[in-house]
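Residue-level structural notes
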Amino acid sequence: VKDVSLSFGGVKAITNASFSILTHEIKAIIGPNGAGKSSMLNCINGIYKPQVGSVIYKGKEILLPRKEFKLLSLLASKPKKYLREKKFWKKFGVVM
């Protein structure tokens, strides 16, 4: 994530956010309500396109949702619902 900014109307959801995540690394996005956490995740998973900056995955800018990001987005939104559903995982090619 490099210099990402996103606004809705006149409301700035994200301003110049930058960070990287290495293979096998886990990071968290924390903050109070309205801080832009969901907006950042939606930029990462390709649901939103930042007005400024870019999100790079495996050397390519994310322009459309990818299967992997959709999976992460769904898991983040309702982990208890999806973690135990075999049908859900099968859609993404994961055999349990």
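For the structure given in this document, a descriptive report is provided here.

So, about unusual backbone geometry. Phi at aspartate 3 is positive, roughly 50°, even though this residue is not glycine. Residue placement: aspartate 3 occurs in strand E1 (residues 2-8). Positive phi is not limited to glycine here, since lysine 58 has a value of about 50°. Relative to the helices and strands, lysine 58 resides in the loop between strand E4 (56-57) and strand E5 (60-61). Since its relative accessible area comes to 69%, lysine 58 is described here as exposed.

Moving on: the packing of aromatic side chains. In total, this model carries one aromatic pair according to the counting rule given. Between phenylalanine 8 and tyrosine 48, the ring centres sit 5.4 Å apart and the planes meet at 70°, which makes this aromatic pair edge-to-face. A residue pair is termed long-range when its members are at least 10 positions apart, and phenylalanine 8 in strand E1 and tyrosine 48 in the loop between helix H1 (37-44) and strand E3 (52-54) qualify at 40 residues. Overall, tyrosine 48 belongs to the partly exposed group, its relative accessible area being 30%.

A word on a nonpolar patch on the surface. On the surface, Phe8, Val11, Ile47 and Tyr48 cluster together into a nonpolar patch covering about 370 Å² of accessible area. Along the polypeptide, valine 11 turns up in strand E2 (residues 11-17). Its relative accessible area of 55% is what places valine 11 among the exposed residues.

Attention now moves to the nonpolar core. Residues Val1, Val4, Leu6, Ala13, Ile14, Ala17, Met40, Cys43, Ile44, Val55 and Ile62 constitute the largest nonpolar core, which totals eleven residues. For this core, the secondary structure elements donating two or more residues are E1, E2 and H1. In this view, alanine 17 contacts Val1, Lys2, Asp3, Val4 and Met40; residues no more than four positions away in its chain are not counted. Listed in part, the five residues of the second largest apolar core include Leu71, Leu75, Tyr82 and Trp89.

With that settled, the discussion passes to the pattern of salt bridges. Counted by the stated rule, this structure contains one salt bridge. Of the charged contacts, one joins lysine 49 and glutamate 61 as a salt bridge, the two residues approaching to 3.4 Å between their closest N and O atoms. With lysine 49 in the loop between H1 and E3 and glutamate 61 in strand E5, this residue pair connects regions lying twelve residues apart in the sequence. Assessed through its relative accessible area of 37%, glutamate 61 is described here as partly exposed.

Reading guide: rules and limits
Residues numbered from 1 in each chain as written. Predicted model: local features only at pLDDT ≥ 70, side-chain atom pairs only at ≥ 80, totals over all residues. Heavy atoms only, no water. Helix = DSSP H or I, 4+ residues; strand = E, 2+ residues; numbered from the N terminus. Buried < 20%, exposed > 50% of the residue type's maximum accessible area, 1.4 Å probe, protein only. Phe/Tyr/Trp six-rings, centres within 6.5 Å; stacked < 30°, edge-to-face > 60°. Patch = residues over 30% accessible without salt bridge, like charges linked within 9 Å, V, L, I, M, F, W, Y side chains within 5 Å. Areas by Shrake-Rupley, 256 points an atom, 1.4 Å probe, with all protein chains shown as cover. Salt bridge = Lys/Arg side-chain N within 4 Å of Asp/Glu carboxyl O. Core = buried A, V, L, I, M, F, W, Y, C linked by side-chain atoms within 4.5 Å. Contact = heavy atoms within 4.5 Å.

These results come straight from atomic positions and should not be treated as a statement about function.
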